[in-house]
Amino acid sequence: PFYLSLHYTAPHWPWEAAGDKQPHPELRGPAAFRSGGSLKTYASMMKSLDDGIGEVLKALAEAGLERDTIVIFTSDNGGERFSYHWPFVGQKNSLWEGGIRVPAIIRWPGMSKVQSRKSKVNASGRVIDQPAITMDWTATILAAAQTKPDPNYPLDGIDLSSIIRSPTPNTLPATPSSFTPFSAPRTFFWRNANQDAALRGPWKYLNDGTREYLFNLSIDQREQAEFRNQQPEIFNELRTAFKTWESTALPRPQRSK
């Protein structure tokens, strides 16, 4: 058994595609790195990323390990300068949906296939409409390896194996607590230096550092319609849940003014 964690720096600043010259030596710091690039450069960087992943998959196939290896592709934060993430607003370093939502693709031969109702054959390319969070991958990988985390250090995420296997993706494991999505869904929390966010079912609490909001993402993924006054109980419930969660986390730097 082996585990490989491969982290690409593309697409990311400095905006350099294959064959580009190195940045001018006088350009220093993040602001200078971010200032370059173009949509064409961004597209070329994405192609390099795709080619690199292709090399990994090719190596697995040539080694005869293609059907015995779980491959997970995911990002660590929302897009930035050249990203197109309509209909979301916000980007990297923000807790608006454009800074939170990321692509997540898993290939699990023999496990991630669903039978088609018509043809009774295995179908691929299924999209699962179920909220999950990056920390879930840890629990999922441990479960796939038939091992468990150290009981002294409980995980924040849950095992997603059942939702990947199941033809009906609205069933998740009863760990760490039993729930049915959107009737008693999970609650997710995010925090950075200036912003807070909590998500439960379709309802999202957001403090962007200047104002607090309540959004219903099932009808307003662009986070334009304010529900704080119409749904004060939900707003206060999520706000309180965030503060309770935050009391268990390490302190963060003082908010910037």
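Above this text sits the structure in question.
To start, this report covers the structure provided alongside it. (Residues numbered from 1 in each chain as written. Predicted model: local features only at pLDDT ≥ 70, side-chain atom pairs only at ≥ 80, totals over all residues. Heavy atoms only, no water.)

**Some words on helix 6 (residues 232-246)**
Alright, step 1. With 15 residues, helix 6 extends 21 Å from end C-alpha to end C-alpha; this agrees with the ideal 21 Å at 1.5 Å per step.
Alright, step 2. Close packing links the buried residues of helix 6 with strand 5 (187-191), strand 6 (196-200), strand 7 (203-207) and strand 8 (212-216). (Helix = DSSP H or I, 4+ residues; strand = E, 2+ residues; numbered from the N terminus. Expected span 1.5 Å × (residues − 1). Contact = heavy atoms within 4.5 Å.)

**Quick look at the environment of isoleucine 128**
Alright, step 1. Tracing the backbone shows isoleucine 128 in the loop between strand 4 (122-123) and helix 4 (136-144).
Alright, step 2. Take isoleucine 128: its relative accessible area is 30%, and that puts it in the partly exposed class.
Alright, step 3. Between the C-alpha atom of isoleucine 128 and that of isoleucine 163, which follows or precedes it by 35 residues, the distance is 8.2 Å. (Buried < 20%, exposed > 50% of the residue type's maximum accessible area, 1.4 Å probe, protein only.)

**Concerning the nonpolar core**
Alright, step 1. Core analysis: the biggest nonpolar cluster contains 13 residues, and Leu95, Trp96, Trp190, Leu206 and Phe215 have the highest contact counts within it.
Alright, step 2. Residue assignment for this core shows that the elements contributing at least two residues are strand 5, strand 6 and strand 8.
Alright, step 3. By size, the runner-up hydrophobic cluster in this structure holds ten residues, among which are Phe189, Trp203, Phe227 and Phe235. (Core = buried A, V, L, I, M, F, W, Y, C linked by side-chain atoms within 4.5 Å.)

**Comments concerning helix 2 (residues 39-62)**
Alright, step 1. In a regular helix each residue adds 1.5 Å, so 24 residues correspond to 34 Å; helix 2 covers 34 Å between its end C-alpha atoms and thus fits that length.
Alright, step 2. Restricting attention to buried positions, one finds in helix 2 the residues Thr41, Tyr42, Met45, Leu49, Gly52 and Leu60.
Alright, step 3. Elements that come into contact with the buried residues of helix 2 comprise strand 1 (71-74) and strand 2 (104-107).
Alright, step 4. Backbone geometry just downstream of helix 2 places glycine 64 in the positive-phi region, at approximately 70°.

**Here we look at the pattern of salt bridges**
Side-chain pairs of opposite charge can arise whenever the charged atoms involved come near each other.
Alright, step 1. Per the stated rule, a full pass over the model turns up 13 salt bridges.
Alright, step 2. Across the pair arginine 107 and glutamate 66 runs a salt bridge, and its minimum N-O distance is 3.7 Å. Placement of arginine 107 in strand 2 and of glutamate 66 in the loop between helix 2 and strand 1 is noted, with a sequence separation of 41 residues between them.
Alright, step 3. Of the residues examined, arginine 107 reaches a relative accessible area of 28% and is grouped as partly exposed.
Alright, step 4. Notably, a salt bridge pairs arginine 211 with glutamate 226, separated by 3.9 Å at the nearest N-O pair. Here glutamate 226 lies in the loop between strand 8 and helix 6 and arginine 211 lies in the loop between strand 7 and strand 8, a separation of 15 residues in the sequence.
Alright, step 5. Using a relative accessible area of 45% as the deciding quantity, one classes arginine 211 as partly exposed.
Alright, step 6. Here the salt bridges do not stand alone but share partners, grouping Glu97, Arg101, Lys204 and Glu223 into one network. (Salt bridge = Lys/Arg side-chain N within 4 Å of Asp/Glu carboxyl O.)

**Some thoughts on the environment of proline 185**
Alright, step 1. The topology assignment puts proline 185 in the loop between helix 5 (161-165) and strand 5.
Alright, step 2. Taking the relative accessible area as the measure of exposure, proline 185 reaches 23% and is therefore partly exposed.
Alright, step 3. Proline 185 sits 54 residues away from proline 131 along the chain, and the two C-alpha atoms are 9.2 Å apart.

**Some details on the packing of aromatic side chains**
Alright, step 1. Enumeration over the complete set of coordinates arrives at 13 aromatic pairs.
Alright, step 2. Arranged with centres 5.6 Å apart and planes meeting at 45°, the rings of tryptophan 96 and phenylalanine 215 form a pair that is tilted. Taken together, the residues tryptophan 96 in the loop between strand 1 and helix 3 (97-100) and phenylalanine 215 in strand 8 connect sequence positions 119 residues apart.
Alright, step 3. Judged by relative accessible area, phenylalanine 215 falls into the buried class, the value being 1%.
Alright, step 4. Through successive ring pairs, a cluster of aromatic residues spans Phe189, Tyr205, Phe235, Phe242 and Trp245. (Phe/Tyr/Trp six-rings, centres within 6.5 Å; stacked < 30°, edge-to-face > 60°.)

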